[in-house]
Amino acid sequence: MSLPPFSFFAFDTHELNDENFDRALACLPVEEHKDVLRYKFAKDRGLALGSRLLRRYYATKVLRIAPDKVVFETQALGKPILRHPRGQWVDFNVSHDGHWVILGGTVQPNHHVGVDVVDMDQATLTSTSVDEWISCFDAQLTEEERQLLKRCGGEAKSRTFFQIWALKESYIKATGEGLSLDIGRLSLQSMQCKVGWTSRGPSCPGAATCKWQISLHGKPQLGWSVYLGYLDARSIVAVSLDHGDHGATGAEKRACVHGGEYDEKSASNHSRLPPSQAFLGDDFVSASPLFVSVPLLQLTAFHT
């Protein structure tokens, strides 16, 4: 039975409570308990626990690694890695914010995945404080991004900023470089072009499809696909997938840098992401179909 080329999962930490937290913690190796319990607040302990449960779920239930053979390590710049006991390529990434934990993983050789979830807590942001708050991140934005944000008003401004930030985070997490990369020179821009798709999915002729242009220090970054969507009305999710085919030429380069339209044959052969659920600035319409929600009962069954 072949493994899926890539997998995306989400866990809602609202499922954790005082009664089931200790039982869920007991599913982890004892040596990992301190990494969960070191946090002062229950919310942070829940996110830490969910992150470690979700990665073990991926290792045992999806990759079918025996629980006692699961070995996680951390690279120099902080990206976690999974040592497959049979030497198979595995790359995965975990993110958490708000009440969500998400994971993206791939077994496609030389592919790298980065995911990021951002909780949009706009309740305390007035239009004035939004501008002041965003100005603190001015050095991390490109000139195009600054101009885009200037054209936005009200909640659209903070929402667009959070989307930009999530996309950048997903990219640097895929590369494993973290904040050592100058994200002020990194740009991920959505475009409307061609017909047959909208950011909402299939539509009538004349609709636009969401494609992406990625550049770093002004140079196009080839061999990537990007996804932007929502887990719920306040939680943005972004995915960056490095296909490892940076030597592609011609039409292959154009397809990779934009992400391409989704079809099952293309996705199977090239492990490309489906079309983004949202353009930059789009509000929530529905939960992303890309991420599979895993309930706590299922999440804690990996050791059986």
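Parameters and conventions
Residues numbered from 1 in each chain as written. Predicted model: local features only at pLDDT ≥ 70, side-chain atom pairs only at ≥ 80, totals over all residues. Heavy atoms only, no water. Salt bridge = Lys/Arg side-chain N within 4 Å of Asp/Glu carboxyl O. Helix = DSSP H or I, 4+ residues; strand = E, 2+ residues; numbered from the N terminus. Buried < 20%, exposed > 50% of the residue type's maximum accessible area, 1.4 Å probe, protein only. Phe/Tyr/Trp six-rings, centres within 6.5 Å; stacked < 30°, edge-to-face > 60°. Lys NZ or Arg CZ within 6 Å of the ring centre and 35° of its normal. pLDDT = per-residue confidence, 0-100. Contact = heavy atoms within 4.5 Å. 1 Å grid on protein atoms, 1.4 Å probe; cavity = no way out; pocket = protein on both sides within 12 Å on 5 of 7 lines; lining within 4 Å. Points joined across faces, edges and corners; volume = space filled by probe spheres on them. Nonpolar A, V, L, I, M, F, W, Y, C, P; charged D, E, K, R; others polar.

Student: Teacher, can you tell me more about the pattern of salt bridges here?
Tutor: It is possible for side chains bearing opposite charge to pair when their charged atoms get close. What the rule picks out here adds up to 13 salt bridges. With a shortest N-O distance of 3.9 Å, R55 and E32 are connected by a salt bridge. Of the two residues, R55 is situated in helix α3 (residues 42-62) and E32 in helix α2 (residues 30-37); the sequence distance between them amounts to 23 residues. Taken individually, R55 and E32 each receive the classification buried, so the pair is uniform in this respect. D283 serves as the salt-bridge partner of R159, at 3.8 Å between the closest nitrogen and oxygen. Placement of the pair is R159 in helix α6 (residues 155-175) and D283 in the loop between α8 (264-270) and β14 (292-293), with a sequence separation of 124 residues. Looking at R159, the relative accessible area reads 9%, which means it is buried. A relative accessible area of 40% places D283 in the partly exposed class. Here the residues in one salt-bridge network are E32, D35, R52, R55 and R56, joined through shared partners.

Student: Explain the packing of aromatic side chains here, please?
Tutor: For any pair of aromatic rings, the description rests on two quantities: the centre-to-centre distance and the angle between the ring planes. The full count for this structure, using the stated rule, is 13 aromatic pairs. These aromatic residues form a ring-pair network of at least three members: W133, F137, F161, F162 and W165. Positioned above the aromatic ring of F72 is the side chain of R55, whose terminal nitrogen or guanidinium carbon lies 4.0 Å from the ring centre.

Student: Got a minute to help me understand the confidence of the model for the chain in this structure?
Tutor: Interpretation of this model should avoid reading the predicted coordinates in detail wherever pLDDT is low. Per-residue confidence for the chain averages 83 on the pLDDT scale, and 81% of its residues sit at or above 70. A low-confidence stretch, residues 193-208 stays under pLDDT 50, and its non-local contacts, those more than four residues away or across chains, total 35 contacts. Within the model, the stretch residues 248-270 combines pLDDT values under 50 with 41 contacts to residues more than four positions away or in other chains.

Student: Would you explain the layout of surface pockets in this entry?
Tutor: Over the atoms a probe the size of a water molecule is rolled, and this reveals where empty space is left. In this structure, the largest pocket encloses a volume near 690 Å³. Around the largest pocket, the lining comprises 28 residues; the ones closest to its centre are S51, G78, P80, V94 and H96. Mapped by element, the contributors of at least two residues to the lining of the largest pocket are α3, β4 (91-97), β6 (112-119) and α6. Of the residues belonging to the lining of the largest pocket, the class tally is 10 nonpolar, 8 polar and 10 charged. For the second largest pocket, the calculated volume is near 300 Å³. A total of 4 residues in the lining of the second largest pocket trace back to one element, the largest contributor, which is α3. Split by residue class, the lining of the second largest pocket holds 3 nonpolar, 6 polar and 5 charged.

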